[in-house]
Amino acid sequence: MSNNPDEPQLQNGDAPAPEPATTPEPDADPKVEVTEETSIHPPSTEQTPQKELQKDEGSRTFTMRELLTELKSEDGADSINEASASQGNTPHQYTEQNNAAMELINSVTGVDEEGRSRQRILTFAAKRYASAIERNPEDYDALYNWALVLQESADNVSPDSTSPSKDALLEEACKKYDEATRLCPTLHDAFYNWAIAISDRAKMRGRTKEAEELWKQATKNYEKAVQLNWNSPQALNNWGLALQELSAIVPAREKQTIVRTAISKFRAAIQLQFDFHRAIYNLGTVLYGLAEDTLRTGAANPKDVSPNELYSQSAIYIAAAHALKPSYSVYSSALRLVRSMLPLPYLKIGYLTAPPAGSVVAPHSDWKRSQFVLNQEGLQQISKTEQKQVSRSLSGMSGDFSPDRRTIRIEVPDMVSVSACADLTLPPGAGLCIDTIHGPVFMVADSWESLDGWLDAIRLVYTIYARGKADVLAGIISS
């Protein structure tokens, strides 16, 4: 990380209160903490000032928010105080572990009046769960909710407090999650929040061997949470973040495999929720890091994607995240650093093999590989004459041209869906189908990895249009 105070740095957004796990809000700003930064610089041989790009953390989601609201509404502040006072006279015999957990929670004080009030509610809730477990040691719901209380209490620990430590609370929460999932192996929320607690413990340990082991545990728990609840973009996004953190610690020979796995998790999260701007942005950061590593060490295989292409892919995702969430300062700062890596005035330029315009099915010999451009208006095939105009546009000259009517053009409002396909009428390769109100259009990408890039870019452009943000994207690529 650069220590020059004059260099621009990307900052994380403010951390709001956690959202309920059962009803995540797609547009809610994530709860973020400063984590690993990825250095940013243009892909050139000249030395440039180093920039920094920070990941957008996953959403901290708990069911505790609803629980605390319920407790407060049912019992009220007076009831909580009475229960706390009378609890000492109740002859409960807690186990040693329960006593340790209660001692930790009782010694937490909030940093302000709101925090202290919140902690009183958490303490009362912890006593209820301790009593429930005393009555029934196999009450996994009570164990799970007690773990949430410990995890929430860890967030209430003052930064300069030494008793108790945040790590001790999180460690105790992990023990409760472990026991709850032993009793109920299908409790996916427990695996998910357990992974968050482990990740928080790993962040406190920097890039050490102990942190590496914790990140590995976190990834395993995210994997289990996704296996039990595959329809969770938040879990996939957090899994990708944990893998990204792990990749910064492991030996170099293991790094690229872990990074590519992280890419697949972010991409899977986006496929579940096309406007999930946090995963979109995080995919951009991990691609940028991969581009830097590839530029520094050289491609292991001549068929690997070039650093320049990886930089361009990274810029596409960051631009899309900004278009979906233009008010988020993290994305706007990142965009200023990577915008020049886009093939302006387009979002994406690349090659696809396509049949003659207007032909849904054609002999394989009639399919031709040609250049396509994508912007906020749609996907356009470029003729050989127009390719020269596009080249001049990328060189800073005017890029205005009249599309050839004999080329393929798909307007964004006409799109219905875009997907990979394996139709026998297509030439061999990575098939792509864009279904429109006028019928399907088939093409073939140069590789399966290239296909992923086209699928994501087209889906993102349509999602931005559907969310009414096409003008923001237009401003990014044309201004």
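Residues numbered from 1 in each chain as written. Predicted model: local features only at pLDDT ≥ 70, side-chain atom pairs only at ≥ 80, totals over all residues. Heavy atoms only, no water.

A. Layout of the packing of aromatic side chains. Taken as a whole and judged by the stated rule, the model has 7 aromatic pairs. Between Tyr144 and Tyr177 the ring centres are 6.0 Å apart and the planes differ by 50°, which places this aromatic pair in the tilted class. Here the residue Tyr144 occupies a position in helix α4 (residues 140–155), and Tyr177 occupies one in helix α5 (residues 166–183), the gap between them amounting to 33 residues. Overall, Tyr144 belongs to the buried group, its relative accessible area being 6%. On the basis of relative accessible area, Tyr177 is assigned to the buried category, the value being 0%. Three or more aromatic residues link up through ring pairs in this structure, and these residues are Tyr281, Tyr328 and Tyr331. The ring of Trp146 carries Lys176 above its face, with NZ or CZ at 4.0 Å from the centroid. The ring of Tyr351 has Arg369 lying over it, and the distance from NZ or CZ to the ring centre is 4.2 Å. (Phe/Tyr/Trp six-rings, centres within 6.5 Å; stacked < 30°, edge-to-face > 60°. Helix = DSSP H or I, 4+ residues; strand = E, 2+ residues; numbered from the N terminus. Buried < 20%, exposed > 50% of the residue type's maximum accessible area, 1.4 Å probe, protein only. Lys NZ or Arg CZ within 6 Å of the ring centre and 35° of its normal.)

B. Representation of unusual backbone geometry. The linkage connecting Leu344 with the following residue, Pro345, adopts the cis geometry, with an omega of 10°. With respect to the helices and strands, Pro345 occurs in the loop between α12 (329–338) and β5 (348–354).

C. Examining the nonpolar core more closely. Counting 118 residues, the largest nonpolar core has Leu379, Leu432, Ile434, Met443 and Ile458 as its most contacted members. Counting residues in each nonpolar core, the second largest holds 7 residues, with Ala362, Cys421, Leu426 and Cys433 among its members. (Core = buried A, V, L, I, M, F, W, Y, C linked by side-chain atoms within 4.5 Å.)

D. Just the side chain of His277, in detail. By the element assignment, His277 lies in helix α10 (residues 277–297). A distance of 2.8 Å separates polar atoms of two side chains, one belonging to His277 and the other to Tyr331. (Polar contact = N/O pair within 3.5 Å; in protein donor to acceptor, adjacent residues only side chain to side chain.)

E. The pairing of β5, seen in detail. Across the 7 residues of β5, 6 count as buried, placing the element largely inside the fold. Sheet analysis places β5 next to strand β6 (residues 368–374), joined by 7 bridges and oriented antiparallel. Paired with Leu352 across the bridge in β6 is Ser370. The sheet contact formed by β5 and strand β11 (residues 439–445) spans 2 bridges and is antiparallel. Bridging from a neighbouring strand, Thr353 pairs with Val444 of β11. (Pairing = 2+ DSSP bridges.)

F. Representation of the pattern of salt bridges in the model. Summed over the entire model, instances satisfying the criterion amount to 18 salt bridges. Two residues, Arg182 and Glu179, come together in a salt bridge whose shortest N-O distance is 2.5 Å. With Arg182 and Glu179 both in helix α5 and 3 residues apart, the pair spans about one turn of that helix. For Glu179, a relative accessible area of 27% gives the class partly exposed. Close ionic contact of Lys216 with Glu212 constitutes a salt bridge, the shortest N to O distance being 3.1 Å. With a gap of 4 residues between them, Lys216 and Glu212 both fall in helix α7 (residues 209–228), about one helical turn apart. (Salt bridge = Lys/Arg side-chain N within 4 Å of Asp/Glu carboxyl O.)

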